[in-house]
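Examining the three-dimensional arrangement
Residues per chain are reported as follows:
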Amino acid sequence: MARPEEFANPVVRSTCFGASLSSQCWPVCLTNKTGPPSELRTSSEFKTNMEKNVCLRGKTAMKGNSVGVEQGCIIMVSVSEARPRRKETHQFNGLGSESHHSEGIHPAGPHKQGRPKTTQLLSAIFLLIYSVTLVGNLGPIDVIHTSATLHTPMYFLLSVLSFLDIYSASVFTPRLLINFLTTDQSISFVGCVVQMALMILHGTGECLLLAMMAYDQFVAICHLLVYHTIMSKRMCVRLVVVTYAAGVFISAVQTGNAFILPYCGPNIIDHYFCDIPPMLQLACSETTRANVILLVFSALVTVPTISVILVSYAYILVTICRMRSLEAQRKAFSTCASHLTALSLYYGSVFLVCVQPNPETASACNKILSVFYTIVVPILNPLVYSLKNKDVKASAQGTTGKNCTRVTWFLLLGLTEQAGLKGILFAPFLFIYSVTLTGNLAMITLIHADPQLRTPMYFLLRILSFIDSSCSTLNTPRLLESFLTSSQSISFAGCVVQMALMTLHGTAECLLLAIMAYDRFAAIYHPLLHHTVMSQSLRVQLVATTYMASVANSALLTGYIFKPLYCGLNIINHYVCDVPLVLQLACADVAKAEAIVFSSSALIILFTVTVILVSYAYILVTICRMRSLKAQSKALSTCASHLAVICLFYGTITSMYAQPSSHGSMEQNKVVSVFYTVIISMLNPLIYSLRNKDVKPALKRRCLDMLPS
């Protein structure tokens, strides 16, 4: 279906559908229609009458979806009056979708009934890939920046490459995750322009940077004695500036070339992002000139860069063959191995995208290959440059210039050291864990199964239940194990994973509580527009943003916490790897890590608390303006459960970190930590179900359905 009023027509303003007619768009109004037209057949008489703005009566032949008009009236305007308007949205036909559609305009996109369940698995896989990409590329950037031994031209260019990889993954992966999690795959016209511009900027930048890295390898091997003179810091900065300047220029030209064309017909892009060739296929005018410009500028980028790479490695090969020492040859080859691997991954996937002999399978293959060079290659580059690089590994491990034994495991003292108390505490904590899992999983199942609970509030509540069950599963089994065994050790890697997951869940719960406060604001302040404001697409995007921000924050904090060298004491006076206690065991200066932990935590807490306070300020003003006491009571009861959860969560965190440093406060912190990591996860589903008039009837209906008839 085309959107109504695709044209600026001063005469006809209603029931108009865009139609493609001789590469132009015309407003067509039907008085007796059985369906919207997709494309009109033209004739000389039809064009003549159209230009005279006359009314054609009788049956009109349609192409594609036929539309019968009995004694109807098709009102046309002349060429000068019919001004085509650009499409405001485009529909993606992404990964896992059908690749064939009927001609015409489909703003709603392909229907998603029968959408494969593998999309949930794919979303989890790509979220993991994105997380590893961020961690893998932020790590080398930080190591190169802080390690003096890596302040060389090669590692400077490598840090720029890591930045480009983060930038590339952030342009494509979040959008792909949203497409997996929601049925709405549309993108605004402006969003499509921005995405294409950023994509071209990244592609151009990476091509030029790989050529510069090849030249750097040539200078390092062929002109070793004057290497630092030729590849000086000023020269490296100039090369990177030229790279970005050329990328911005070519991106502006290519994007302008693609979007200067009129787009007023079909708006379905058979890809998961706004790529240039699929976009040009949707243009309503001749695209030969645009294709020529695309080919010329693509050649201007690829031909010089490939020439620089080939010439550089030709000189490198000749120089290596002239070396008399096998050790020198091996070292020279190993220096180039990482860069050659990166070149093969990038240019190999791009080449396969451009060379597809079978047009029927080209679209599906292009999607897979595009995923490889836009999403997978950024995760492989840091692995390629770090796994076989002794300098990077030594700097990352902090062992350069140090001769000490690294800590390989930590000893957790647990909640209590009294053997008699451990036996008593086991049964209550096992009961709490059982109730937590049962309550949260029951809440998730009930909301998913009952149609009356498929509202924005219960969608967010289901996510909160998932976070609570995950957090409880992360901490409680370890606590139960400490009650039964005397050995409470945890490996270094296990401590890293535990802290990363705890940080992820804590960040996600903070952000989700803020989103739930905004949902309560929308429900009370804009009750008639609640479902429009908090649409399914927006909810999924908010949750996806929450998890991506949580993953990024977890990766940042965990990376900085475990970056210092741990080679002394390994005893943690807690039942989990708590951040302050782990930092106390570091053998190096942790001031930078502590500052980053404090800044990140403060930023998240201030942001979420501000959203909560502003939302409830508007809610309070709205409730005070209500004249009905019943309406006020209903509004307050709607917010009561969420306010109770907020007070529990933020209250325990505040009481834990507002304690002076002493042995007694440490024991109190353990108790408070148990409350917000174990107890709250059990209380949340109870709070939202015991006083909830929607959940209790839904639970009764579910129980009655399960009983045999």
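Treat the numbers as computed from the prediction; the structure is a model and nothing was measured. (Residues numbered from 1 in each chain as written. Predicted model: local features only at pLDDT ≥ 70, side-chain atom pairs only at ≥ 80, totals over all residues. Heavy atoms only, no water.)

Moving on to the overall build of the protein chain. In terms of regular secondary structure, the protein chain is built from 21 helices and 12 strands. Sorting the 709 residues of the protein chain into buried and exposed places 49% on the buried side. Here the analysis covers contacts within the protein chain between residues at least 6 apart in sequence; of these, 74% occur between residues at least 24 apart. When the accessible surface of the protein chain is totalled, it reaches about 35,400 Å², and 65% of it is carbon and sulfur. (Helix = DSSP H or I, 4+ residues; strand = E, 2+ residues; numbered from the N terminus. Buried < 20%, exposed > 50% of the residue type's maximum accessible area, 1.4 Å probe, protein only. Contact = heavy atoms within 4.5 Å. Areas by Shrake-Rupley, 256 points an atom, 1.4 Å probe, with all protein chains shown as cover.)

Moving on, we come to a nonpolar patch on the surface. Together, Val292, Val296 and Leu300 make up an exposed nonpolar region whose accessible area comes to about 260 Å². Here Leu300 lies in helix H8 (residues 288-322). (Patch = residues over 30% accessible without salt bridge, like charges linked within 9 Å, V, L, I, M, F, W, Y side chains within 5 Å. Salt bridge = Lys/Arg side-chain N within 4 Å of Asp/Glu carboxyl O.)

With that settled, consider a positive patch on the surface. The grouping of Lys630, Lys634, Lys693, Lys696 and Lys700 at the surface amounts to a positive patch. Those elements giving two or more residues to the positive patch turn out to be helix H19 (629-657) and helix H21 (695-706). Among the structural elements, Lys630 can be located in helix H19. For Lys630, a relative accessible area of 69% corresponds to the exposed category. (Lys, Arg positive; Asp, Glu negative; His and termini not counted. Charge placed at Lys NZ, Arg CZ, Asp CG, Glu CD.)

Taken as a whole and judged by the stated rule, the model has four salt bridges. A salt bridge links Lys563 to Asp142; its shortest N-O distance comes to 2.6 Å. Note that Lys563 is positioned in the loop between helix H16 (536-561) and strand E12 (571-572) and Asp142 in helix H2 (residues 118-146), a separation of 421 residues in sequence. Residue Lys592 pairs with Asp142 through a salt bridge whose shortest N-O separation is 3.9 Å. With Lys592 in helix H18 (residues 591-625) and Asp142 in helix H2, this pair connects stretches of sequence that are 450 residues apart. Using a relative accessible area of 12% as the deciding quantity, one classes Asp142 as buried. Each of Asp142, Lys563 and Lys592 takes part in one network of salt bridges that share partners.

Here we take up the packing of aromatic side chains. The tally for this structure, following the rule as stated, stands at 20 aromatic pairs. Measuring from centroid to centroid gives 5.4 Å for Phe189 and Phe259, while their planes differ by 80°, and the two rings are edge-to-face. Pair noted here: Phe189 is in helix H4 (residues 189-222) and Phe259 is in helix H6 (residues 233-259), with a separation of 70 residues, a long-range link. Chaining the aromatic ring pairs together yields one cluster made of Phe410, Phe492, Phe562 and Tyr566. The aromatic ring of Phe459 is capped on one face by Arg539, whose charged end is 5.2 Å from the ring centroid. (Phe/Tyr/Trp six-rings, centres within 6.5 Å; stacked < 30°, edge-to-face > 60°. Lys NZ or Arg CZ within 6 Å of the ring centre and 35° of its normal.)

Before going further, it helps to spend a moment on the nonpolar core. Membership of the largest hydrophobic core comes to 85 residues, with the highest contact counts inside it found for Phe126, Met196, Phe259, Tyr263, Met279 and Leu280. Among the elements that take part in this core, H4 stands out by supplying 17 residues, more than any other. When near neighbours in sequence (up to four residues on either side) are disregarded, Met196 contacts Thr255, Ala258, Phe259, Cys274, Asp275, Ile276 and Met279. (Core = buried A, V, L, I, M, F, W, Y, C linked by side-chain atoms within 4.5 Å.)

What follows deals with the pairing of strand E10 (residues 409-412). Only one face of E10 is buried, namely the one carrying Phe410 and Leu412, since none of Trp409 and Leu411 on the opposite face is buried. Here E10 pairs with strand E11 (residues 489-491) via three bridges, running antiparallel. What sits directly across from Phe410, in E11, is Ile490. (Pairing = 2+ DSSP bridges.)

Along its 27 residues, H6 runs 39 Å from first to last C-alpha, staying within 8% of the 39 Å computed at 1.5 Å per residue. Those residues of H6 not exposed but buried are Cys236, Leu239, Val240, Thr243, Gly247, Ile250, Ser251, Gln254, Thr255, Asn257, Ala258 and Phe259. Residues of H6 that are buried sit in contact with helix H3 (153-181), H4, helix H7 (276-280) and H8. (Expected span 1.5 Å × (residues − 1).)

A word on H4. The terminal C-alpha atoms of H4, which comprises 34 residues, lie 50 Å apart, in line with the 50 Å expected from a rise of 1.5 Å per residue. For H4, the buried fraction is high: 25 of the 34 residues fall into the buried class.

Here we come to the confidence of the model for the protein chain. Averaged over every residue, the pLDDT of the protein chain is 77; the share at 70 or more is 77%. Contacts from residues 1-87, a stretch scored under 50 in pLDDT, to residues over four places away or in other chains number 174 contacts. (pLDDT = per-residue confidence, 0-100.)

With that settled, consider the state of the cysteines. Evaluation of the coordinates by the stated rule reveals two disulfides. A sulfur-sulfur distance of 2.1 Å marks the disulfide that ties Cys192 to Cys274. Judged by the sign of its S-S torsion, about -130°, the bond between Cys192 and Cys274 is left-handed. Of this pair, Cys192 sits in helix H4 while Cys274 sits in the loop between strand E9 (268-269) and H7, and the two are 82 residues apart along the sequence. When sorted by exposure, Cys192 lands in the same class as Cys274, which is buried. Bridging Cys495 to Cys577, the disulfide has an S-S length of 2.1 Å. (Disulfide = S-S within 2.5 Å.)

Relative to the elements of secondary structure, Ser537 occurs in helix H16. The exposure class assigned to Ser537 is buried, which follows from its relative accessible area of 13%. Not counting residues within four places of it along the chain, the set of residues in contact with Ser537 comprises Thr182 and Asp184.

Turning next to the packing of H6 against H8. In the contact formed by H6 and H8, the axes pass within 10 Å of each other and the chain directions differ by 165°. Classed by the angle they form, the pair H6 and H8 counts as roughly antiparallel. Handedness of the H6/H8 crossing: left-handed. In this structure, H6 uses Phe249, Ile250, Val253, Gln254 and Asn257 to contact H8, whose residues at the interface are Ala290, Ile293, Leu294, Phe297, Ser298 and Val301. (Axes fitted to C-alpha atoms, helices over the stretch in contact; angles between N-to-C directions. Parallel < 35°, antiparallel > 145°, perpendicular 65-115°, else oblique. Left-handed = near helix turned anticlockwise from the far one by under 90°.)

Another aspect to go through is the packing of H4 against H6. The geometry of H4 relative to H6 is characterised by a closest axis approach of 8 Å and an angle of 145° between their N-to-C directions. Handedness of the crossing formed by H4 with H6: right-handed. Split by residue class, the contact of H4 with H6 holds 18 nonpolar, seven polar and no charged. (Nonpolar A, V, L, I, M, F, W, Y, C, P; charged D, E, K, R; others polar.)

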